[in-house]
Amino acid sequence: MKRYLSGILIGISAVIIIVGNMMDIYWGGIAAWGIAFILLILAAYFTKYIPNEEKKKTKTNQR
């Protein structure tokens, strides 16, 4: 599940930015960008769980 969190968090941040900018609240845009920024930082953190195919290929070729 952790390998999919990056994509999910990026998608959620895009939705939050769109909804936050569509709402006509005084601090809505600032809050939306702040939450989106935090979600993008989390998405960058979870990229370490995405499997690297090159590492698997080099390990199998070395045997």
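Our structure is the block above this text.
What you see is a predicted model; the values in this text were computed from it and never measured.

### Describing the side chain of Ser6
Move 1: Here Ser6 lies in helix H1 (residues 5–22).
Move 2: On the basis of relative accessible area, Ser6 is assigned to the buried category, the value being 5%.
Move 3: Other than its neighbours up to four places away in sequence, Ser6 contacts Ala43, Phe46, Thr47 and Ile50.

### Re the packing of aromatic side chains
Move 1: Scanning the entire structure with this criterion turns up two aromatic pairs.
Move 2: On the numbers, 5.3 Å between centres and 90° between planes, the contact of Tyr26 with Trp27 is edge-to-face. We note that Tyr26, like Trp27, is exposed.
Move 3: Measuring from ring centre to ring centre gives 5.1 Å for Tyr45 and Phe46, while their planes differ by 75°; the resulting arrangement is edge-to-face.
Move 4: Overall, the relative accessible area of 42% leaves Tyr45 in the partly exposed class.
Move 5: Look at Phe46 and you get buried, because its relative accessible area is 17%.

### Here's the deal with H1
Move 1: Compared with an ideal rise of 1.5 Å per residue, which puts 18 residues at 26 Å, H1 spans 26 Å between its outermost C-alpha atoms and is within 8% of the ideal.
Move 2: For H1, the full list of buried residues reads Ser6, Leu9, Ser13, Ile17 and Gly20. The arc that holds the buried residues of H1, viewed along the axis, is 80°, so those residues lie on one side. Every exposed residue of H1 that faces more than 90 degrees away from the buried side is listed here: Ile18 and Met22.
Move 3: Buried positions along H1 lie against helix H2 (28–45).

What counts and how
- Residues numbered from 1 in each chain as written.
- Predicted model: local features only at pLDDT ≥ 70, side-chain atom pairs only at ≥ 80, totals over all residues.
- Heavy atoms only, no water.
- Helix = DSSP H or I, 4+ residues; strand = E, 2+ residues; numbered from the N terminus.
- Buried < 20%, exposed > 50% of the residue type's maximum accessible area, 1.4 Å probe, protein only.
- Contact = heavy atoms within 4.5 Å.
- Phe/Tyr/Trp six-rings, centres within 6.5 Å; stacked < 30°, edge-to-face > 60°.
- Expected span 1.5 Å × (residues − 1).
- Arc of directions from axis to C-beta.

Fair warning: the whole summary comes from geometry, so function is off the table for now.
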